[in-house]
Amino acid sequence: MTKFQIVMRRVIQNLWDFFSWTLSIPIATLLRYDIEVGNNVLLAALKFGIFLGVIQITISFTLQAIRGRFVIGSFDEIFSLSYGAGLVVLIGFLSLTFNQPPILPRSVPFIAGSFALGVMLAGRFLLRSFRQRFKFNKNGELVLIYGAGDSGDQIVRQMLYTKESLYIPVGF
């Protein structure tokens with residue numbers, strides 16, 4: 001990947017996380033109030049979502065989740081993202097608790113946290129699935145790897161995700 005592609009991937013990932021929170025807070029507010037919300041409350045929810053989106057990007061940058069430390073969609077990234085989203089929920093809850101009178105119900109960050117984490121994880125899953133589907137060489141020689149055990153999984157992955165590979169594993 002070129003440096004530009006890496007930067008663009010990180011910018012898109014940041015924007016995805018940001019909009020996950022920006023949209024999740026108003027949705028959680030609507031659910032909390034049974035869809036009967038005034039415009040002022042909805043505007044406050046949107047502003048609070050933007051605030052938490054910025055916090056998510058800051059925490060992700062601090063945890064190195066968006067600086068290329070983890071493979072997209074890996075367990076390490078999922079753990080880091082979940083940990084960061086938990087911190088965002090805690091910060092949102094505390095900011096609503098200490099803001100008197102509270103602009104939104106204190107339960108909104110917890111409801112929105114579930115939605116935002118689901119959307120962030122779904123985006124990473126779709127991106128990783130898309131990249132894996134179109135990354136490998138489709139014109140190689142078909143091979144069967146025999147007797148490889150646990151190492152076979154690693155060998156198959158390397159063969160599939162290396163464009164220059166001359167082989168397409170069909171099993172091991």
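Located above this text is the structure these notes cover.
Being a predicted model, the structure only gives us computed values, none of them experimental. (Residues numbered from 1 in each chain as written. Predicted model: local features only at pLDDT ≥ 70, side-chain atom pairs only at ≥ 80, totals over all residues. Heavy atoms only, no water.)

(A) Expanded view of the nonpolar core. Counting 19 residues, the largest nonpolar core has Trp21, Ile25, Phe48, Leu52, Val88, Leu104 and Met120 as the members making the most contacts within it. For this core, the elements supplying multiple residues, two or more each, are α1 (3-32), α2 (39-62), α3 (75-98) and α4 (108-135). Ranked by size, the runner-up nonpolar core spans five residues in total, among them Val143, Val156, Met159 and Leu160. (Core = buried A, V, L, I, M, F, W, Y, C linked by side-chain atoms within 4.5 Å. Buried < 20%, exposed > 50% of the residue type's maximum accessible area, 1.4 Å probe, protein only. Helix = DSSP H or I, 4+ residues; strand = E, 2+ residues; numbered from the N terminus.)

(B) Representation of α3 within the structure. Taking 1.5 Å per residue, 24 residues should reach 34 Å; α3 reaches 34 Å between its end C-alpha atoms and fits that length. Residues of α3 that are buried: Glu77, Ser80, Leu81, Gly84, Ala85, Val88, Val89, Gly92 and Leu96. (Expected span 1.5 Å × (residues − 1).)

(C) Quick peek at the pattern of salt bridges. With the rule as written, the count across this model stands at one salt bridge. Measuring nitrogen to oxygen at the nearest pair gives 2.9 Å for the salt bridge that ties Arg124 to Asp17. Placement of Arg124 in helix α4 and of Asp17 in helix α1 is noted, with a sequence separation of 107 residues between them. For the pair Arg124 and Asp17, a shared accessibility class is recorded, and that class is buried. (Salt bridge = Lys/Arg side-chain N within 4 Å of Asp/Glu carboxyl O.)

(D) Quick look at the environment of Ile50. Structurally, Ile50 can be placed in helix α2. Look at Ile50 and you get partly exposed, because its relative accessible area is 37%. A sequence separation of 30 residues divides Ile50 from Ser20, and the C-alpha atoms of the two residues are 9.6 Å apart. For Ile50, the residues in contact, after removing those within four places along its chain, are Phe18 and Thr22. (Contact = heavy atoms within 4.5 Å.)

(E) Focus on the side chain of Ser24. Within the secondary structure, Ser24 is located in helix α1. We classify Ser24 as buried; its relative accessible area is 4%. What Ser24 contacts, discounting residues up to four positions off in sequence, is Ala112, Phe115 and Ala116.

(F) Highlighting the packing of aromatic side chains. Applying the stated rule across the entire model yields four aromatic pairs. A centroid spacing of 5.3 Å and a plane angle of 75° characterise the contact between Phe18 and Phe19, whose relative ring orientation is edge-to-face. Note on Phe19: relative accessible area 45%, which makes it partly exposed. Where Phe93 meets Phe110, the ring centres are 5.4 Å apart and the plane angle is 55°; that geometry is what we call tilted. Here Phe93, found in helix α3, pairs with Phe110, found in helix α4; they are 17 residues apart in sequence, far enough to count as distant. Judged by its relative accessible area of 46%, Phe110 is partly exposed. (Phe/Tyr/Trp six-rings, centres within 6.5 Å; stacked < 30°, edge-to-face > 60°.)

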